[in-house]
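So the chains spell out like this:
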Amino acid sequence: MKVVVVGAGYAGVIAANRLRKRSEAQVTVINPRPEFVQRIRLHQHIADAGTATVPLVDMLRPGIAVRSGAVDKIGDGGLTITDGGEMEFDHLVYAVGAGGAAPAGTFDVGTWEDAEAARVALAALPARGTVVVVGGGLTGIETAAEVAAARPDLSVRLISPELGASLSDGARARVEDGLRESGVQIVRDTVVPGDAGLVPGDAGFRLGSGGPLDADLVLWAIAHGVADLAARSGWDVDAAGRVVVDERLRSVSDPRVFAAGDAAAVPGSRMSCAASIPQGTYVGEAVARLA
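These numbers were taken from a predicted model, which means no experiment stands behind them.

Thresholds applied
- Residues numbered from 1 in each chain as written.
- Predicted model: local features only at pLDDT ≥ 70, side-chain atom pairs only at ≥ 80, totals over all residues.
- Heavy atoms only, no water.
- Salt bridge = Lys/Arg side-chain N within 4 Å of Asp/Glu carboxyl O.
- Helix = DSSP H or I, 4+ residues; strand = E, 2+ residues; numbered from the N terminus.
- Buried < 20%, exposed > 50% of the residue type's maximum accessible area, 1.4 Å probe, protein only.
- Pairing = 2+ DSSP bridges.
- Axes fitted to C-alpha atoms, helices over the stretch in contact; angles between N-to-C directions.
- Contact = heavy atoms within 4.5 Å.

A.B. asks: Sorry if this is basic, but what is going on with the pattern of salt bridges here?
C.D. replies: Counting across every chain of the model gives 14 salt bridges. With a shortest N-O distance of 2.7 Å, Arg-180 and Glu-176 are connected by a salt bridge. Residue Arg-180 and its partner Glu-176 are located together in helix H6 (residues 169-181), separated by four residues, close to a single helical turn. Of the charged contacts, one joins Arg-232 and Asp-228 as a salt bridge, the two residues approaching to 2.4 Å between their closest N and O atoms. Assessed through its relative accessible area of 36%, Arg-232 is described here as partly exposed.

Below you can see the structure in the form of structure tokens.
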């Protein structure tokens, strides 16, 4: 049986490993990069405080093939890759993760390409520059803390209407105290588009309260949807573009396709690495049973 895993994030890697452990299926992982990117460490990469990548072959069990490339479209038992290649499958695991793009002029903390560009931009900022982190979730909190620790000569602001919504009241209070002690200014506000695209230092983006967003570097730490590959492939997707699945995490459009992680519309599940891991495990086991 031929199984293709599209995407090598947490869900894809775990699904491929579990499938290979439980069966003799021929497994191929297709991913744009030959490395496994630890999204939960990208904020450290931006601050040059740690690495966020591991060679993909070191993360996968022996016998799993790796193909570097981006999938253009998935059809009836086969797919095409942007370099012109094609591949057939008996079953497919769709685990492309989050996608989309942060607003122009900002750097998306959740993607490797933007994190690397942000790392270079941060290192080049002169003293007394201003860095703005947009988003008060765990990613935004960690990013602001890392930047403040790495560059105490900069002014760091964290902008969000709320801080640590997923935390308890006590944990939120401790996080806020820790950020302020680190020199991070917490601004409870929103960021909205202005009349022009954001150019660092101008008023293209503004605060929801009406003030200008003055910054030399803007780091975007807000989840913003998924890639449009599923929609392009003609599958049923929800409003965010995630694959609509049944109770077994199978696509309702094609029973040969399983979806896991941020790209799967699992009722009650939030887009997060913590949700991707058990879903990847479940899908790997489910496909192995079919083999």
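Don't stop here, the text continues.
A.B. asks: Help me understand the pairing of strand E16 (residues 217-220), please; the structure alone is not making it clear to me.
C.D. replies: Every regular strand shows the same layout, with side chains that alternate between the two sheet faces. On E16, burial covers both faces: Leu-217 and Leu-219 on one face and Val-218 and Trp-220 on the other are all buried. As defined by bridge partners, strand E10 (residues 107-108) adjoins E16 across two bridges and the pair is classed as parallel. Paired with Phe-107 across the strands is Leu-219, a residue of E16. Examined bridge by bridge, strand E11 (residues 130-134) and E16 share four bridges and lie parallel to one another. When the bridges of E16 are listed, Val-134 appears paired with Trp-220.

A.B. asks: When you look at the environment of Ala-221 in this model, what are you seeing that I'm missing?
C.D. replies: Note on placement: Ala-221 falls in the loop between E16 and helix H7 (229-232). Take Ala-221: its relative accessible area is 13%, and that puts it in the buried class. Put simply, Ala-221 and Glu-142 are 79 residues apart on the chain and 9.8 Å apart in space, counted from C-alpha to C-alpha.

A.B. asks: Could you clarify how one ought to interpret the sheet that holds strand E18 (residues 257-259) in this entry?
C.D. replies: One key point about sheets: their strands pair by backbone hydrogen bonds, in either a parallel or an antiparallel sense. Read from one edge to the other, the open sheet built from five strands follows the order E5-E2-E1-E9-E18, with strand pairing classed as parallel. With partners counted over all chains shown, the strands left at the sheet margins are strand E5 (65-68) and E18, one partner each. The mean angle between the axes of side-by-side strands here comes to 20 degrees, regardless of whether they run parallel or antiparallel. Bridge analysis of strand E9 (residues 91-94) against E18 gives three bridges, and the strand direction is parallel. Residue pairing for E18: Tyr-94 is matched across the bridge by Ala-259.

A.B. asks: Got a minute to help me understand the sheet that holds strand E12 (residues 155-159) in this structure?
C.D. replies: Strands sit in the order E10-E16-E11-E12-E13 across an open sheet of five strands; the sheet is parallel. Edge positions in the sheet fall to E10 and strand E13 (184-187), since each has one partner strand and no second. Direction of pairing for E11 relative to E12: parallel, over a ladder of five bridges. Within E12, the residue paired with Thr-130 across the bridge is Ser-155. Docked against the sheet, helix H5 (residues 138-150) engages E11, E12, E13 and E16, running at close to 175 degrees with respect to E12. Strands in contact with H6 are E12 and E13; relative to E13, the strand with the most contacts, it is inclined by about 130 degrees.

A.B. asks: Would you explain the environment of Pro-126 in this entry?
C.D. replies: One can find Pro-126 in the loop between helix H4 (112-124) and E11. Owing to a relative accessible area of 56%, Pro-126 belongs among the exposed residues under this scheme. Sequence-wise, Pro-126 and Ala-47 are 79 residues apart; in three dimensions their C-alpha atoms are separated by 15 Å.

That's the geometry; what it means functionally is another story.
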